[in-house]
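# Notes for the structure review
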Amino acid sequence: MEELTDEMAIDANICAVAKSLHAKNMLAAADGNISYRLEDETIYITPSGVSKAFMKPDEIAVVNIDGEVFTGSPSSELKMHLKIYQQCPMAKAIVHAHPPVATAWTIARPELQELPADILSEVILACGSIPIVKFAFPGTDEMGENLSPYLPEHRVLLLAHHGALAWGETLEEAHRGMERLEHSAMVLQAAVTLGGLHKLPDEVVEKLKDRRKAMGELVL
Ligand SMILES: [Zn+2]
């Protein structure tokens with residue numbers, strides 16, 4: 001996918017992703033944030049305290065990789081975005097949302113280290129695995145420290161008792177990661193309701209992991 005360089009196209013794409021996330025109930029009130037990085041390390045990021053579904057393109061803030069603000073009022077979770085960009089050279093776009101079912105897994109099953117992947121082939125094929133990152137107060141350096149061990153290996157991550165993060169080489173990939181996560185979490189939730197989580201045979205899980213390895217790192 002080609003890099004977006006035109007400011008209006010970037011702002012319009014970010015607004016479109018925000019509307020889609022809101023329509024799928026992954027953003028309430030002023031929740032969530034979306035950012036996009038250019039080759040020169042200029043970063044476009046959604047504003048703080050604004051409902052992302054009704055955000056206007058010109059409200060999107062512009063900062064640099066050190067967090068210096070050029071225009072607008074960037075998200076309070078800017079530090080989390082900068083940490084990902086600093087640690088993941090491939091990251092061009094980040095989506096942070098509060099997907100209800102995926103987040104609920106981190107609350108209901110505090111013993112889990114990741115969203116169960118040995119049950120659902122799509123999780124392995126699309127993302128490899130989706131780790132659950134220990135809770136940190138939103139907007140703090142601690143959030144970045146907790147994320148650090150999982151980067152750049154993981155592109156889709158759950159934030160315990162908070163929400164989720166997905167990054168990608170394009171805005172579409174980051175968006176896809178968030179959709180994939182919530183959809184997988186909903187399938188798993190339905191399975192629990194209908195009778196329980198039944199694992200795939202170990203050899204199938206291994207084969208799926210091999211297939212994923214051969215496919216590369218993009219979130220599908
Ligand atoms: Zn959040």
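Small disclaimer: the values here were computed from a predicted structure and weren't measured.

### Overview of the sheet that holds strand β1 (residues 33-37)
Strands sit in the order β4-β3-β2-β1-β5-β8-β7-β6 across an open sheet of eight strands; the sheet is mixed. Each edge of the sheet is formed by a strand with only one pairing partner; in this case those strands are β4 (69-71) and β6 (132-133). Pairing of β1 with strand β5 (residues 93-97), which is carried by four bridges, proceeds in the antiparallel orientation. Paired with asparagine 33 across the strands is histidine 96, a residue of β5. Running over the sheet, helix α1 (residues 7-23) touches β1, β2 (42-45) and β5 and is turned about 150° from β1. Sheet contacts for helix α2 (residues 78-87): β1, β2, β3 (61-64), β5, β7 (156-159) and β8 (163-168); angle to β1, the most-contacted strand, approximately 35°.

### A closer look at the pairing of β7
Burial along β7 is two-sided: the residues Val156 and Leu158 and Leu157 and Leu159 are all buried. Where β6 lies against β7, two bridges are found, and the strand directions are parallel. Bridge assignment links valine 133 to a residue of β7, and that residue is leucine 159. Between the parallel pair β6 and β7, the chain is carried across by helix α5 (residues 141-147), and the sense of this crossover is right-handed. Bridge analysis of β7 against β8 gives four bridges, and the strand direction is antiparallel. Counterpart to leucine 159 in the pairing with β8 is glycine 163. Turn length for the β7-β8 hairpin, with the two strands adjacent in sequence and antiparallel, is three residues, and the turn residue histidine 161 shows positive phi of about 55°.

### Some points on the environment of leucine 4
Secondary-structure assignment places leucine 4 in the segment before α1. Once the C-alpha coordinates of leucine 4 and glutamate 39 are considered, the two residues, 35 residues apart in sequence, prove to be 9.7 Å apart. Setting aside residues no more than four positions away along its own chain, leucine 4 makes contact with Ala9, Ile10, Asn13, Tyr36 and Leu38.

Analysis parameters
- Residues numbered from 1 in each chain as written.
- Predicted model: local features only at pLDDT ≥ 70, side-chain atom pairs only at ≥ 80, totals over all residues.
- Heavy atoms only, no water.
- Pairing = 2+ DSSP bridges.
- Helix = DSSP H or I, 4+ residues; strand = E, 2+ residues; numbered from the N terminus.
- Contact = heavy atoms within 4.5 Å.
- Axes fitted to C-alpha atoms, helices over the stretch in contact; angles between N-to-C directions.
- Buried < 20%, exposed > 50% of the residue type's maximum accessible area, 1.4 Å probe, protein only.
- Right-handed = clockwise from strand over helix to strand, strands pointing away.

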